[in-house]
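Notes for the structure review
One letter stands for each residue in the lines below.
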Amino acid sequence: MSAGTDTNELFGDVDLGWERLKGRAFLGFCIAASGFGVFALLLLLGDVASQAVTAVFVRDISVVRFLTESASRFPDEAGFYAAVVGSAWLMLFTVLLSFFVGVGTAVYLEEFAPDNRWKRLVEANLANLAGVPSVVYGLLVLAAVVNLTNPLSGERVGPILFAGAVALALLIMPIIIVSAQEALRAVPDSMRRGSRATGATNWQTVRNVVLPAALPGILTGTILALARAIGETAPLIMVGALLTARRAPEGPFDTFGAMPTMIYYWADRPEVDFHYLAALGIVVLLLILIAMNATAVYLRNKYETEY
Amino acid sequence: MSETELEIDVDREEDADEETTSDEIAVETRDLSVWYGEDRALQDIDMKVPENKVTAMIGPSGCGKSTFLRCINRMNDRIDTCRVEGEVRFRGKNVYDDDVDPVALRRRIGMVFQKPNPFPKSIRENVAYGLKIQNKTDNLDESVETALRRAALWDEVKDQLDSSGLDLSGGQQQRLCIARAIAPDPEVILMDEPASALDPVATSQIEDLIEELARDYTVMVVTHNMQQAARISDKTAVFLTGGELVEFDDTKKIFENPDDQRVEDYITGKFG
Ligand SMILES: Nc1ncnc2c1ncn2[C@@H]1O[C@H](COP(=O)(O)OP(=O)(O)O)[C@@H](O)[C@H]1O
Ligand SMILES: [Mg+2]
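Residues numbered from 1 in each chain as written. Chains lettered and ligands numbered in written order. Predicted model: local features only at pLDDT ≥ 70, side-chain atom pairs only at ≥ 80, totals over all residues. Heavy atoms only, no water.

**Remarks on the overall build of chain B**
For chain B, the helix and strand inventory stands at 11 helices and 10 strands. A principal-axis box enclosing the C-alpha atoms of chain B has dimensions of 55 × 50 × 35 Å. Here chain B, with 272 residues, has 54% of them falling under the buried criterion. Restricting to contacts in chain B with at least 6 residues of sequence separation, those with at least 24 account for 68%. Positive and negative side-chain charges in chain B, numbering 33 and 58 respectively, have mean positions lying 6 Å apart. (Helix = DSSP H or I, 4+ residues; strand = E, 2+ residues; numbered from the N terminus. Buried < 20%, exposed > 50% of the residue type's maximum accessible area, 1.4 Å probe, protein only. Contact = heavy atoms within 4.5 Å. Lys, Arg positive; Asp, Glu negative; His and termini not counted. Charge placed at Lys NZ, Arg CZ, Asp CG, Glu CD.)

**A look at the interface of chain A and chain B**
If you look at the interface, chain A gives 22 residues, while chain B gives 21 residues. Overall, the association of chain A and chain B removes approximately 1800 Å² of surface from exposure, summing both partners, and the carbon and sulfur fraction of that is 59%. Its largest share of buried area at the contact with chain B, chain A owes to A:Arg196, A:Ala197 and A:Thr198, together 34% of the area lost on that side. Between the two partners, chain A and chain B, sit zero salt bridges. (Buried area = accessible area lost by both parts, 1.4 Å probe. Salt bridge = Lys/Arg side-chain N within 4 Å of Asp/Glu carboxyl O.)

**Structural notes on the site of ligand 1**
Residue and element names in this part refer to chain B. Within the structure, ligand 1 sits among Tyr36, Ala41, Ser61, Gly62, Cys63, Gly64, Lys65, Ser66, Thr67, Arg70 and Ile79. Gly64 places a main-chain nitrogen or oxygen 3.1 Å from an oxygen atom of ligand 1. In this structure, Thr67 approaches ligand 1 through a side-chain N or O atom, which is 2.5 Å from an oxygen atom. Calculation on ligand 1 without its partners gives an accessible area of 550 Å², and the protein chains cover 60% of this total. (Near = heavy atom within 4 Å. Polar contact = N/O pair within 3.5 Å; in protein donor to acceptor, adjacent residues only side chain to side chain. Areas by Shrake-Rupley, 256 points an atom, 1.4 Å probe, with all protein chains shown as cover.)

**Here we look at the nonpolar core**
In this structure, B:Val127, B:Leu148, B:Ile178, B:Met191, B:Ile210, B:Leu213 and B:Phe255 are the most contacted members of the largest nonpolar core, which totals 49 residues. Counting 45 residues, the second largest nonpolar core, distinct from the first, contains A:Ala52, A:Ala71, A:Ile230 and A:Ile263. (Core = buried A, V, L, I, M, F, W, Y, C linked by side-chain atoms within 4.5 Å.)

**Description of the packing of aromatic side chains**
Going through the model one piece at a time under the given rule, you end up with nine aromatic pairs over all chains. With centroids separated by 5.9 Å and ring planes inclined at 10 degrees, the aromatic side chains of A:Trp89 and A:Phe93 adopt a geometry described as stacked. Remark: A:Phe93 and A:Trp89 occur in helix α4 (residues 81–112); sequence separation between them is four residues, near one turn of the helix. Looking at A:Phe93, the relative accessible area reads 15%, which means it is buried. Ring geometry for A:Phe99 and A:Phe100: centres 5.3 Å apart, planes at 90 degrees, overall edge-to-face. In this structure an aromatic cluster arises from ring pairing among A:Trp89, A:Phe93, A:Phe162 and A:Phe253. Between B:Lys235 and the ring centre of B:Phe248, over which it is positioned, the NZ or CZ distance is 5.5 Å. (Phe/Tyr/Trp six-rings, centres within 6.5 Å; stacked < 30°, edge-to-face > 60°. Lys NZ or Arg CZ within 6 Å of the ring centre and 35° of its normal.)

**Some points on unusual backbone geometry**
Residues and elements named next belong to chain B. Backbone geometry at Arg91 places phi at a positive 55 degrees, although glycine is not the residue there. In this fold, Arg91 is placed in the loop between β4 (82–90) and β5 (93–94). Even without a glycine there, the phi angle at Ala152 is positive, about 55 degrees. Looking at the element boundaries, Ala152 is found in the loop between α5 (140–150) and α6 (154–157). Ala152 gets classed as partly exposed once you look at its relative accessible area, which sits at 43%.

**Notes on a nonpolar patch on the surface**
On the surface, A:Val38, A:Leu41, A:Leu42, A:Leu44 and A:Leu45 cluster together to form a nonpolar patch covering roughly 460 Å² of accessible area. Relative to the helices and strands, A:Leu44 resides in helix α2 (residues 17–58). (Patch = residues over 30% accessible without salt bridge, like charges linked within 9 Å, V, L, I, M, F, W, Y side chains within 5 Å.)

**Overview of the environment of B:Arg262**
Residues and elements named next belong to chain B. Here Arg262 shows up in helix α11 (residues 261–271). Residues Arg262 and Arg40, 222 residues apart in the sequence, show an inter-C-alpha distance of 20 Å. Sequence-distant contacts of Arg262, defined by excluding residues within four places in its chain, comprise Leu240, Glu244 and Val246.

**Structural notes on the layout of surface pockets**
In this structure, the largest pocket encloses a volume near 610 Å³. Along its surface, the largest pocket is lined by 23 residues, and A:Asp189, A:Arg192, A:Arg193, A:Arg196 and B:Arg78 are the ones closest to its centre. Of all the secondary structure elements, the ones that give two or more residues to the lining of the largest pocket are α4, α7 (161–185) and α8 (189–197) of chain A. A per-class count over the lining of the largest pocket returns nine nonpolar, one polar and 13 charged. (1 Å grid on protein atoms, 1.4 Å probe; cavity = no way out; pocket = protein on both sides within 12 Å on 5 of 7 lines; lining within 4 Å. Points joined across faces, edges and corners; volume = space filled by probe spheres on them. Nonpolar A, V, L, I, M, F, W, Y, C, P; charged D, E, K, R; others polar.)

**What to know about the pairing of β4(B)**
In the case of a regular strand, side chains alternate between the two sheet surfaces. Residue and element names in this part refer to chain B. For strand β1 (residues 25–36) and β4, the ladder comprises eight bridges, and the chain directions are antiparallel. Along β4, the bridge assignment pairs Thr29 with Val88. Examined bridge by bridge, β4 and β5 share two bridges and lie antiparallel to one another. Across the sheet, the residue bridging to Arg89 is Asn94, located in β5. (Pairing = 2+ DSSP bridges.)

**What to know about the domain arrangement of chain A**
Residues and elements named next belong to chain A. When its domains are assigned, chain A resolves into domain 1 (15–58) and domain 2 (68–303). Taken together, the contact between domain 1 and domain 2 spans seven residues of the former and seven residues of the latter. Overall, the association of domain 1 and domain 2 removes approximately 570 Å² of surface from exposure, summing both partners, and the carbon and sulfur fraction of that is 88%. Counting the surface domain 1 buries against domain 2, the share from its top three residues, Val48, Gln51 and Ala55, is 60%. Taken together, the links from domain 1 to domain 2 amount to zero salt bridges. Counting across the interface, domain 1 meets domain 2 through zero residue pairs in polar contact (both at pLDDT 80 or more). Taken together, the residues that form the side of domain 1 that touches domain 2 break down as five nonpolar, two polar and no charged. (Domains from an automatic or database assignment.)

**Things to note about the pattern of salt bridges**
Using the criterion set out here, one finds 33 salt bridges over all chains in the structure. In this structure, A:Arg247 and A:Asp254 form a salt bridge, with 3.0 Å as the shortest nitrogen-oxygen distance. Judged by relative accessible area, A:Arg247 falls into the partly exposed class, the value being 43%. Looking at A:Asp254, the relative accessible area reads 14%, which means it is buried. The salt bridge involving B:Glu28 is made with B:Arg30; its shortest N-O contact spans 3.1 Å. Of the residues examined, B:Glu28 reaches a relative accessible area of 15% and is grouped as buried. We classify B:Arg30 as partly exposed; its relative accessible area is 37%.

Here's what the structure looks like:
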């Protein structure tokens with residue numbers, strides 16, 4: 001193996017050309033695949049943006065009016081206000097219903113449950129729940145809440161905002177649980193040991209050390225889950241949400257319309273004028289989504305701990 | 001580091017010798033055996049740990065030193081495969097008795113780990129942690145200061161008590177963990193290779209601190225560094241592979257004139 005050995009003699013029987021070609025071909029495919037996703041997203045955004053620009057500058061739809069008025073039979077009087085308020089109420093009750101139950105489940109599974117078959121069964125079911133189509137949750141709530149008789153008034157409960165929140169809460173519960181579990185798992189065991197060795201009970205350890213350390217991650221996951229919920233249409237339609245939000249709901253037991261159902265209604269109308277309202281509605285919804293995601297990313301980066 | 005230093009410390013040890021005989025026993029193990037599943041990690045350990053002394057546990061890695069330490073405050077309880085037989089007596093009471101609550105036990109036997117593990121909280125909150133969970137919140141600031149002084153950290157951090165404990169250097173973090181362990185005023189402090197992750201300067205600070213702590217506490221320290229054991233401890237227990245306690249005696253005796261040939265081999269082998 002002296003320096004003078006001919007390269008051909010050394011490696012002549014190794015032919016990498018074909019392998020390298022396969023590698024390059026696969027790399028090309030992967031780049032194209034990831035480019036496709038970006039391209040589709042840009043196309044979507046471009047389409048919505050161009051319609052929104054046309055709506056504001058060509059059709060002269062006032063943005064202020066759009067945001068302060070509510071649904072109307074007449075496109076030039078219709079606005080998004082009641083739908084935005086409806087969605088805000090929905091999110092409030094969705095998060096109230098799902099956060100504590102979801103985080104409680106995650107804490108139990110990660111911090112207390114013995115690692116046995118029962119725990120694995122629960123976790124497998126959570127994974128399955130995350131895959132259930134959202135419309136199914138709508139049907140469930142229709143049967144389990146909306147169609148019940150209110151024992152006080154003797155009337156049917158009806159399509160109240162609370163019922164919509166229950167459907168959305170069930171829908172995002174598995175997401176919250178799994179992301180909270182991840183956040184809890186990211187807290188190193190040395191923290192738990194340190195706390196227990198100082199004479200803390202398991203609950204004190206969870207309450208004072210583990211949860212505070214995991215909270216930013218839990219909140220990030222919850223916000224992302226809510227961002228998923230705020231755009232859901234099918235379960236709300238199943239529950240009986242108003243497609244036209246003419247007035248903002250006044251509380252959890254009022255009937256309601258929300259942003260996605262309003263957009264769906266406008267886009268479904270034959271009159272072109274309503275389609276521009278739908279485009280503006282989508283822009284508002286997307287801006288809210290981007291704001292939520294940005295908050296989540298900010299939280300994650302700001303409070304990330306290096307142990 | 002040097003032989004002379006070793007001698008000096010052994011000399012210091014001599015004064016204490018007279019007292020040792022009449023000493024109170026803080027922790028005593030009787031026939032203590034531990035299994036992880038089928039594997040036996042400790043074999044019938046009998047040991048009497050004197051009060052207000054530094055007791056060192058040395059031996060090659062994997063010989064069960066950490067396991068032994070974890071038995072004393074029952075930190076092994078959480079390990080599913082771990083099975084303990086025999087007794088660990090703390091002030092005469094077997095800590096594995098059914099009526100002993102491990103949480104209560106750990107409030108009297110503190111622990112410091114190999115890798116510093118301060119909480120992602122302020123320095124003040126770290127030290128106050130044990131006091132708060134044990135409802136010892138009278139004069140909290142005072143107790144925090146006392147603990148930090150005892151841990152020889154006060155002067156370095158007194159102006160930044162509200163900054164994160166994670167921002168300190170490794171050696172400072174470890175002293176913070178010591179402050180956290182001693183703040184609620186336990187009787188025994190267990191230390192598992194508390195200086196092995198630290199640089200030489202931080203190590204010698206921790207060593208000084210350990211000797212200091214023995215005035216107020218019973219200190220049990222695991223180390224794989226024999227010179228360290230010789231420098232800081234009054235009593236030394238030598239464990240050898242298989243989880244056997246080969247010899248337990250005054251540090252001076254262990255290092256100068258051990259009974260067991262294997263101990264001599266182990267010690268001289270390491271010194272070269
Ligand atoms: N959590 C555990 N599960 C199973 N075996 C363990 C565990 N901890 C330690 N052991 C085993 O017990 C023996 C003693 O380990 P350890 O007490 O950590 O020794 P040392 O601290 O002296 O290095 C080793 O053989 C180790 O593999
Ligand atoms: Mg060890």
